[in-house]
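Here's the letter readout for the chains.
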Number of protein chains: 2
Amino acid sequence: MTTDNMNTIYMETVSAPTNIACIKYWGKASKEYNTPINDSVSVTLDQADMCAVTTASASRQFKQDRLWLNGVEEVDAHTSKRFRACVDSIKHLASDRIDPATGDILVKKEEWKNMYFHISSYNTFPTAAGLASSAAGYAALVASLARLMCAKETFPGELTTIARQGSGSSCRSLMGGFVAWKMGGEKEDCSDSFAEQIADENHWPEIRALILVVSDQKKDTSSTSGMSNSVATSELLRYRAEVIVPKRMQMIEKAWLEHDFETFGKITMMDSNQFHAICLDTVPPIFYMNDISKSVVQIVHAYNEWAGEIRAAYTFDAGPNAVLYTLQKYAVEVGALMLRFYPGHLSDYISNDIFAKEIKEFQLDERLVQAAMKTGRIAKEGDVKKIYYTKSGPAPQTLSAERSLIDTVTGLNTYNRDY
Amino acid sequence: MTTDNMNTIYMETVSAPTNIACIKYWGKASKEYNTPINDSVSVTLDQADMCAVTTASASRQFKQDRLWLNGVEEVDAHTSKRFRACVDSIKHLASDRIDPATGDILVKKEEWKNMYFHISSYNTFPTAAGLASSAAGYAALVASLARLMCAKETFPGELTTIARQGSGSSCRSLMGGFVAWKMGGEKEDCSDSFAEQIADENHWPEIRALILVVSDQKKDTSSTSGMSNSVATSELLRYRAEVIVPKRMQMIEKAWLEHDFETFGKITMMDSNQFHAICLDTVPPIFYMNDISKSVVQIVHAYNEWAGEIRAAYTFDAGPNAVLYTLQKYAVEVGALMLRFYPGHLSDYISNDIFAKEIKEFQLDERLVQAAMKTGRIAKEGDVKKIYYTKSGPAPQTLSAERSLIDTVTGLNTYNRDY
């Protein structure tokens, strides 16, 4: 028996992390299934500073699927291919929803397909900043729907094959720690293209990440159209995907498992540069890094050279923002170096107050400052808008009912973006 | 009999052109012989605006080889490997110098090796601007010495094998028009790595070049150290050299011979971008293009898209300066477009007064201006320091005695740079 009635609204709220790739995904093998031409691997970031929060709700009273993003309804969302792929695929994995208190069946597995969904989602960081907001967003969408419908995977990683149909790299945000996305390519339904955890977030707890949100007036090329152009026009891309990436994947996974920051950092930087090299080899060329991004690259190289070892490793996604991986023991030094050359005076310029205080008080070695100045970088406010300080973190988390973004009575969005 | 005596000073003065590659040379196969890992091809530019002028003189009164560059003596030049390679190799090809009026032998071929050389050279354009000044300089050095010593090649292109030992790309400046530098690699002495004229400067007289000297505070990575790092660290470079360049060489030579600007321009732009992609794939990455360079790239793509055909093609060497190839019929439009987005008010901002007047008066299509503005470029003075307008031109030229830079009595430099 089921207690489901016309007015009941079932809901689940989750938060999901962003992830920043060390071996980059660039190029689709199948546009239909959204599978990549090469394996990739990323660090899942902690959700304290940056995450997507999503409530998925279902009810017999709902007349159609509806989606609110950052408080604003996306009126055509329910017809979009990406959104539909996620919702409809999870319906296929749905099972009975049971009241944990009574053991009663609330919704029978076959009833989900007769329901519509109201979904509300927001990012705790600016969407426009280009910080993998779609990865966090689709991971949260898939995780919230999967929890709501008590989805049961028929093979490990099946949910990640659904998430990648929403946004490729979002599949890596369904797991914590260090996560690989296998390109697959053997199975016709592309079910062998899934994410796999290499090590969880506790394996290398010393890993830290600094994110420099770099100012940029220009509009970015979207990654979907950019990578499509690269596949069509860059002769170097195929060689990268077929010959170079497989070797790098092996090396970087080994480095992560062995806590070998030197190798991890070296490959991370090389692969970021190679990804942007491929963008430049595209017709017409795509420029994601700007002169500010480049100055970060040069300062990081000057820093590592001064240190005589790799203490920081930069990586850039499809935009000018820099992500610097480092180790806890060097994080304050790295932060102080960045603050020295990319100063900012706003109170929330550094995401973390304790870290902000530590880096302001840290005395940089004068030879390091001199070495960094030789890159030609002159400290200037405004080139970086914000610095996030974070670390490796866990998979999507279930949030309590009071974090819900959907009204339990009306089924409408309750979230209002206040910035 | 010879009329040579202790005090006679023999001299020859030549001018030599710069050249701007369409398929780029990047990477040495032999550091000793200065041979490349791939073929390259370039347009030799007219010497009216930009050239190197060099006087090579020899006398029994000289006590050692001496070199003046832009009026300043380079005291250690005579011991430099590059300089010695040029001077000593040409001595091996020397023949009798004969008085054209009397038929008397002035210097017997075996006497050259007992003489020292005083050489003075200057560029008619700023050396620091990064406009292939070393290519013009070494071509002028080799051409002046070869004329002075009446050098006889033992095989066609032998002088270019000497010039490349001074500066790789200078071998292409010994010929006019469209010139390929063959990588060679079969012969142990590298004598099969020489320049070869694909077509002379009269084959495609409509070809024009605009050179935008782009401002840049930063110091460049020298091309010698840059390409050495690329060979050592870029996995993409080998693939480019072995697989991609051979195809492009065939296509671009055919395009040039057939006056096919569409293909010529397309390959030129792709190869420039790929060269800079390789630089970015180098460890540590090398950045030659800056945000101003990139904006030129984007405006040229917007222009060609607006036109529905390729009317302009950019290429960038190891620095931020843009060279735009175009056809005579579009040159004023291209110039006007550049002036619109890279304005300058100095009287010599445009190298050519007639062209300057034409482009100032030209009415750009408003839709073109709108399309170019969509790249995000905002017209700003100072981003470009000077615009040269030039065309394809001939091989080094012999200049008359009054252009000599060496005093006929003292054998000392007479040139004083006045800027």
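Given the structure is predicted, the values throughout are model-derived calculations rather than measurements. (Residues numbered from 1 in each chain as written. Chains lettered and ligands numbered in written order. Predicted model: local features only at pLDDT ≥ 70, side-chain atom pairs only at ≥ 80, totals over all residues.)

## Some remarks on the overall build of chain A
Consideration 1: What chain A contains, in helices and strands, is 10 helices and 18 strands.
Consideration 2: Relative to the globule expectation of 22 Å for 419 residues, the C-alpha radius of gyration of chain A, 22 Å, shows essentially globular dimensions.
Consideration 3: Projected onto its principal axes, the C-alpha positions of chain A cover 75 × 45 × 40 Å.
Consideration 4: Buried residues in chain A amount to 52% of all 419 residues.
Consideration 5: Considering only intrachain contacts with a sequence separation of at least 6, the fraction spanning at least 24 residues in chain A is 77%. (Helix = DSSP H or I, 4+ residues; strand = E, 2+ residues; numbered from the N terminus. Rg over C-alpha atoms; globule rule 2.2 N^0.38 Å. Buried ≥ 20, exposed ≤ 12 C-beta atoms within 10 Å, placed from the backbone. Contact = placed C-beta atoms within 7 Å.)

## A closer look at the interface of chain A and chain B
Consideration 1: Every contact between the two is made by 26 residues of chain A and, on the other side, 26 residues of chain B.
Consideration 2: The set of elements that each furnish at least two residues to the side of chain A that touches chain B consists of helix H5 (235-257), helix H6 (261-280) and helix H7 (291-307) of chain A.
Consideration 3: Counting residues per element, the side of chain A that touches chain B draws most heavily on H6 of chain A, which supplies 7 residues.
Consideration 4: Partitioned by chemical class, the residues of the side of chain A that touches chain B number 12 nonpolar, 7 polar and 7 charged. (Nonpolar A, V, L, I, M, F, W, Y, C, P; charged D, E, K, R; others polar.)

## Brief notes about the sheet that holds strand E13 (residues 195-199) of chain B
Sheet strands line up and pair through hydrogen bonds in the backbone, either parallel or antiparallel.
Residues and elements named next belong to chain B.
Consideration 1: Pairing is antiparallel in the open sheet, where 4 strands are placed in the order E2-E5-E12-E13. Both edges of this open sheet fall to strand E2 (19-23) and E13, since each of them pairs with a single strand only. Across the sheet, the axes of successive neighbouring strands diverge by a mean angle of 35°, strand direction being ignored.
Consideration 2: The pairing of E2 with strand E5 (residues 40-44) spans 4 bridges and is antiparallel. Across the sheet, residue Ile 23 finds its bridge partner in E5, namely Val 41.
Consideration 3: Running at roughly 120° to E2, helix H5 (residues 235-257) makes contact with E2, E5, strand E12 (178-181) and E13 of the sheet. (Pairing = 2+ DSSP bridges. Axes fitted to C-alpha atoms, helices over the stretch in contact; angles between N-to-C directions.)

## Points about the relation of the copies chain A and chain B
Consideration 1: Overlaying chain A with chain B gives an RMSD of 0.0 Å, the required rotation being 180° about an axis along which the chain moves by 0.0 Å. As the rotation angle and translation indicate, the two copies are arranged about a two-fold axis. Ranked by how close their C-alpha atoms come to the rotation axis, the residues of chain A are headed by Ala 277 of chain A, at 2.0 Å.
Consideration 2: Both copies share a contact surface, since 100% of the interface residues of chain A are interface residues in chain B too. (Least-squares fit on C-alpha atoms with pLDDT ≥ 70 in both.)

## Focus on the domain arrangement of chain A
All names here are of chain A.
Consideration 1: Per the domain assignment, the segments of chain A are domain 1 (9-200) and domain 2 (207-391).
Consideration 2: Summarising the inter-unit geometry, the C-alpha centres of domain 1 and domain 2 are found 28 Å apart.
Consideration 3: Each partner contributes residues to the interface: domain 1 has 25 residues there, and domain 2 has 33 residues.
Consideration 4: The set of elements that each furnish at least two residues to the side of domain 1 that touches domain 2 consists of strand E2 (19-23), strand E5 (40-44), strand E12 (178-181) and strand E13 (195-199).
Consideration 5: Per-element tally for the side of domain 1 that touches domain 2: the top contributor is E2, with 3 residues.
Consideration 6: Along the lines of polarity and charge, the residues of the side of domain 1 that touches domain 2 split into 17 nonpolar, 3 polar and 5 charged. (Domains from an automatic or database assignment.)

## As for helix H2 (residues 133-148) of chain A
Consideration 1: The first and last C-alpha atoms of H2 of chain A sit 22 Å apart over 16 residues, in line with the 22 Å expected at 1.5 Å per residue.
Consideration 2: Buried residues dominate H2 of chain A, accounting for 15 of its 16 residues. (Expected span 1.5 Å × (residues − 1).)

## Considering the sheet that holds E13 of chain A
Residue and element names in this part refer to chain A.
Consideration 1: Taken together, 4 strands build an open sheet; the order of strands is E2-E5-E12-E13 and the sheet is antiparallel. Each of the sheet's edge strands pairs with one partner strand only, and the pair in question is E2 and E13. Direction aside, neighbouring strands of the sheet carry axes that sit 35° apart on average.

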